[in-house]
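Here is how the chains run, residue by residue.
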Number of protein chains: 2
Amino acid sequence: MSLTQLFEPSGVAVVGASRTDGKIGYVAMANATQFEGPVYPVNPSGSGELFGAEFVPSVTEIDGPVDLALCCVPGPAMPDVLAECGEAGIGAAVIYASGFAEAGGEGEKLQERIVEVADEHDVSLLGPNTSGFLVPATDLRCSFASGVEEVPPGNTAVVAQSGGVAHVLGFQSRRQRRGVSAMVGLGNRADVGFAEAIEYFDGDDRTDSIVLHIEGTDDGRRLLEACRESDTPVIAYKVGQSDVGAFAESHTGALTGDHELYTAGFAQYGVPTVDATDDLLDAAAALGNSPSPQGPNVGVVTAQAGPGIIITDRIQRAGGRLPELTAETNARVDDILPGITYDDNPVDTGRPMPEFGDLVAAVAEDDRIDIVLVYELFEEALGLPVDTLEGLAERVGKPVLFATEGIEAELAAERDALEAAGIPTFETPERAADAAGVLARYARLHADDAPEATADGGRSLHSGPRGVPGEVPRDE
Amino acid sequence: MSLTQLFEPSGVAVVGASRTDGKIGYVAMANATQFEGPVYPVNPSGSGELFGAEFVPSVTEIDGPVDLALCCVPGPAMPDVLAECGEAGIGAAVIYASGFAEAGGEGEKLQERIVEVADEHDVSLLGPNTSGFLVPATDLRCSFASGVEEVPPGNTAVVAQSGGVAHVLGFQSRRQRRGVSAMVGLGNRADVGFAEAIEYFDGDDRTDSIVLHIEGTDDGRRLLEACRESDTPVIAYKVGQSDVGAFAESHTGALTGDHELYTAGFAQYGVPTVDATDDLLDAAAALGNSPSPQGPNVGVVTAQAGPGIIITDRIQRAGGRLPELTAETNARVDDILPGITYDDNPVDTGRPMPEFGDLVAAVAEDDRIDIVLVYELFEEALGLPVDTLEGLAERVGKPVLFATEGIEAELAAERDALEAAGIPTFETPERAADAAGVLARYARLHADDAPEATADGGRSLHSGPRGVPGEVPRDE
């Protein structure tokens, strides 16, 4: 299955496009028309223009390039619509309607039927029961939610089982000034599932990290294997530690399964897991914008002891280690800032200092350190040490994370400059520590990596899994 | 000890005020001059004016009302400065300098000496080794950090052991659009400690919740007793589950102690604990702006199933329960929205609907429900159900929390209206669920409460502790 027609269409048909504001067929058309390619409103009862495009009665009568159909019609109409899509050479369709497998009974049969028709006509399906997807870089917005035009381009691909959670993550990524390379809600996964999405985004030039939101799946092995094959780091958020079975099944037709089995499975296949939406995006920012971490040893540099203690405490619980620095680094630190508050790990200057950036560089160059985490409350008179840290992560080949806090208007430009200098930034001491913890766990999970040494020439995430686990079982 | 002179001074003296930008004596003066009362720069080598006020050579020569001295001078000068403060009738002093007990040796002796002098002259001390405090409502900004003028007034008092963490929390509260009634960094707690601060803010009309950041204390019993005596809800964040002892001791002279003992102690004295700075402020917003929760039973209403599952899962781990709704409520829900996606707990509408507010009210009125948590992705065409929810929490006597996500510019006005209508708002499904979890735990910890039935006429947080624990031990 190729998802090129889904995520990189030549043109888009909105089937069931409507003039009535508030209807899905209206909002989907409003969002779709932002796309850089042609967009066609399709409705047998439509006439005239909608958002500047002429209504077409059927996808088979579109006169122009079109690969993707956004289907805003009720479920029972879908088999016919998909057959017409096939006839028209449309290779991908998004089905927003619900009332399929998640509803049980007749819905399950309807879902089987659309899969048959789609297979027969070689149409890839996203959904049903999804609120769609976004590719901000090409203004491709196949969602019926409002505000999606404001989700900016970034380098994280969000792949969520729930369309709602996909949108939560998209809007969060905006609030965090990060953005997404794509944001996809898989819904019922009748056809396109986690494995296909991971494979596609692993090959996507705009994507440097892939995050998964998972409620449950009956095809755990394929998901895990796709994760292992991915050269792009994958981070997973598996929901459902408590009993949410009945409600979850009503959602996307999925059972939540055994949480511990999932966590162990992901670890075995090289995927660190997190436990919240904001942690997921933080981890993606850390992994997707840093050199690959080579070990779990974190060096902390802080300008305020209190946040430094919070970080020191939390990193150890998150899977990192805080080794002592080498005597050489201690001496170098004392030389840079005589009388420094604390010269070992964490290095603490007590308050922001002009020498702060040099201290960060000294810790980053310590051979015992694999990952650097910096905390500094923003002091306007000093600013952030952007010049000193420019290119540091790349030069030492280690992730350097930076958490700061202050008045947004004063801080924004310098924080953006740090990001541009290869230093991912974070909002709270805890979230930065948790992101560093993910880097540490990622390093442990990939400790056996031998880049370029594998038969397939790619970066194998493992020399091999430590025993192939069985299917992640359904929790009946 | 009365802290009135510290937090409600008639006038402020900045001892060691300086013309040199960047020096503590300059920044502290710049921040202090925003105060509504008179502010005097004090420096024997100063002359002329600083920020419009005439230099005074000594606090004893101030001609006007003054209760509070902000001391920007080195530690060894402090005994003399405090004696002069006493002579001048100044009843409170903030000591920014470090090099006291946290430094050991001579520093410990110096700390003992300043406490003696302060006692002798009846001066309350904040610090030493603190970055100060803020009372935004009166523009009283006794801090040497930049940007503090932007921390807005709110109804949460932040009491942090670390001045740095106090500022982290202050700036966070601004980012969350909440603000603080006060923000205090206790530092070494040579004189004013947790107990004194809690007592003061419990009596402060602007304060509806008190949050504590604790690294360690050798006077755990007094802290716990102050918490129990407080009519204002207290929430605690105890840092130091991992080994951070040596670094922590270098900070504010405190050992972090046994985390589990603290957690148990807080629970016994009616204080829910959390594990992150943002959780602390979320919990304060939930407890400080809601009717007191009467039980741990949470009713969830969601417009998107995915975030609903996240919340359902997480609340149970956070200490809440999700009971089934009554058959009457099920019927009422079905009546309000026939064909609703899910009519029990969580009630799920699948997407935002005009009936959403009515459904929230139906769940809030269910007798099995003690706490209501709502999730709705913002849909611009529908807005948030502000009118329907106006006054709901007060009418049903239950907390109603609302989490939403969308584009800030579209969402801000309606979210502010919800807050004004008595509905605290939250940013992510997880943080809202964690806040509801704190409410549930608070309700459990206070299940024996009999308001107005205690001898002192106040709201006793317990009928009595279940056995008085010993001192929270130092972790030697």
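Here the structure is a predicted model, which means the values were calculated and not measured. (Residues numbered from 1 in each chain as written. Chains lettered and ligands numbered in written order. Predicted model: local features only at pLDDT ≥ 70, side-chain atom pairs only at ≥ 80, totals over all residues. Heavy atoms only, no water.)

To continue, consider the overall build of chain A. Tallying secondary structure elements over chain A gives 17 helices and 19 strands in all. Its C-alpha atoms give chain A a radius of gyration of 24 Å, near enough to 23 Å, the size a compact globule of 476 residues would have. Across its three principal axes, chain A shows a C-alpha extent of roughly 80 × 50 × 40 Å. Counting every position in chain A, which comprises 476 residues, the buried fraction comes to 63%. Taking the contacts inside chain A whose residues are at least 6 apart along the sequence as the reference set, 73% of them involve residues at least 24 apart. For chain A, the exposed area adds up to about 16200 Å²; of that, 45% sits on carbon and sulfur atoms. Once the 30 positive and 79 negative side-chain charges of chain A are each reduced to a mean point, those two points are 4 Å apart. (Helix = DSSP H or I, 4+ residues; strand = E, 2+ residues; numbered from the N terminus. Rg over C-alpha atoms; globule rule 2.2 N^0.38 Å. Buried < 20%, exposed > 50% of the residue type's maximum accessible area, 1.4 Å probe, protein only. Contact = heavy atoms within 4.5 Å. Areas by Shrake-Rupley, 256 points an atom, 1.4 Å probe, with all protein chains shown as cover. Lys, Arg positive; Asp, Glu negative; His and termini not counted. Charge placed at Lys NZ, Arg CZ, Asp CG, Glu CD.)

So, on to the sheet that holds strand β1 (residues 12–15) of chain B. All names here are of chain B. Spatially, five strands are ordered β2-β1-β5-β6-β7 in an open sheet, and the strand pairing comes out parallel. In the strand order of this sheet, the two ends are held by β2 (39–42) and β7 (124–126), each with one partner. Taken pair by pair, the neighbouring strands of this sheet meet at an average axis angle of 20 degrees, ignoring direction. Examined bridge by bridge, β1 and β2 share four bridges and lie parallel to one another. Note on β2: the bridge partner recorded for V14 is P41. (Pairing = 2+ DSSP bridges. Axes fitted to C-alpha atoms, helices over the stretch in contact; angles between N-to-C directions.)

This part covers the interface of chain B and chain A. With 67 residues of chain B at the interface, the matching set in chain A holds 67 residues. Across the chain B/chain A interface, buried area totals approximately 5200 Å², and carbon plus sulfur atoms make up 60% of it. It is F247(B), I309(B) and I407(B) that lose the most area in chain B upon contact with chain A, and together they represent 14% of the buried surface on that side. Put simply, chain B and chain A have eight salt bridges between them. Measuring nitrogen to oxygen at the nearest pair gives 3.0 Å for the salt bridge that ties R317(A) to D275(B). (Buried area = accessible area lost by both parts, 1.4 Å probe. Salt bridge = Lys/Arg side-chain N within 4 Å of Asp/Glu carboxyl O.)

Between side chains of opposite charge, a pair can form when the charged atoms approach closely. Taken as a whole and assessed by the stated rule, the structure comprises 40 salt bridges over all chains. Across the salt bridge formed by R431(B) and E427(B), the nearest N and O atoms sit 3.3 Å from each other. The exposure class of R431(B) is buried, given its relative accessible area of 8%. Several salt bridges share partner residues, and in doing so they unite R175(A), R178(B), D282(B), E405(B), E427(B) and R431(B) into one network.

UniProt annotation of "domain: CoA-binding" (unreviewed entry) refers to residues 6–100 of chain A when read in the numbering used here. Annotated as residues 6–100 of chain A, this span is 22% helix and 21% strand, and its ends, taken at the C-alpha atoms, are 21 Å apart. (UniProt positions renumbered as here; feature names shortened; annotations may be inferred.)

Our next topic: the relation of the copies chain B and chain A. Between the two copies, chain B and chain A, the superposition gives an RMSD of 0.0 Å; the rotation angle is 180 degrees and the shift along the axis is 0.0 Å. The symmetry that links the two subunits is that of a two-fold axis. Minimal C-alpha separation from the rotation axis in chain B is found for R175(B), amounting to 5.6 Å. An overlap of 100% is found between the interface residues of chain B and their copies at the interface of chain A, pointing to a shared contact surface. (Least-squares fit on C-alpha atoms with pLDDT ≥ 70 in both.)

Moving on to the domain arrangement of chain A. Residue and element names in this part refer to chain A. The assigned domain composition of chain A is domain 1 (1–130), domain 2 (151–288) and domain 3 (291–445). Tallying the contact residues gives 17 residues for domain 2 and 17 residues for domain 3. Contact between domain 2 and domain 3 buries roughly 1400 Å² in total, counting both sides, with carbon and sulfur atoms accounting for 57%. Broken down residue by residue, the surface that domain 2 buries against domain 3 is led by R177, A286 and L287, which jointly contribute 36%. A salt bridge links R177 to D416; its shortest N-O distance comes to 2.5 Å. (Domains from an automatic or database assignment.)

The next thing to look at is the nonpolar core. The biggest cluster of nonpolar side chains holds 94 residues, and the ones touching the most others in it are L373(A) and L373(B). Once residues within four sequence positions are removed from consideration, L373(A) is found in contact with V298(A), G299(A), V300(A), V301(A), I311(A), I315(A), L401(A), A432(A), A433(A) and A436(A). In terms of nonpolar packing, the next biggest core, distinct from the first, is built from 53 residues, I198(B), L212(B), I214(B) and A226(B) among them. (Core = buried A, V, L, I, M, F, W, Y, C linked by side-chain atoms within 4.5 Å.)

Turning next to the packing of helix α3 (residues 78–87) of chain A against helix α4 (residues 106–121) of chain A. Residue and element names in this part refer to chain A. At a minimum axis separation of 9 Å, α3 and α4 run at an interaxial angle of 10 degrees. Judged by the inter-axis angle, α3 sits roughly parallel to α4. Mapping the contact onto sequence places M78, P79, L82, A83, G86 and E87 in α3 and L110, R113, I114, V117, A118 and H121 in α4. By residue class, the composition of the contact of α3 with α4 is eight nonpolar, two polar and two charged. (Parallel < 35°, antiparallel > 145°, perpendicular 65-115°, else oblique. Nonpolar A, V, L, I, M, F, W, Y, C, P; charged D, E, K, R; others polar.)

Another point: the sheet that holds strand β8 (residues 132–135) of chain B. Residue and element names in this part refer to chain B. One open sheet accounts for seven strands, arranged β9-β8-β11-β10-β12-β13-β14; its pairing is mixed. The open sheet has two edge strands with one neighbour each: β9 (140–143) and β14 (273–274). In the sheet, strand β10 (residues 153–160) pairs with strand β11 (residues 180–185) via five bridges, with the strands oriented parallel. The residue bridging A160 from the neighbouring strand is G185, located in β11.

We now examine unusual backbone geometry. Of the consecutive residues G127(A) and P128(A), the connecting peptide bond is found in the cis state with omega at -5 degrees. Note that P128(A) resides in the loop between β7 (124–126) and β8 (132–135). In this structure, F51(B) takes a positive phi of about 50 degrees despite not being glycine. Assignment of secondary structure puts F51(B) in the loop between β3 (49–50) and β4 (53–54).

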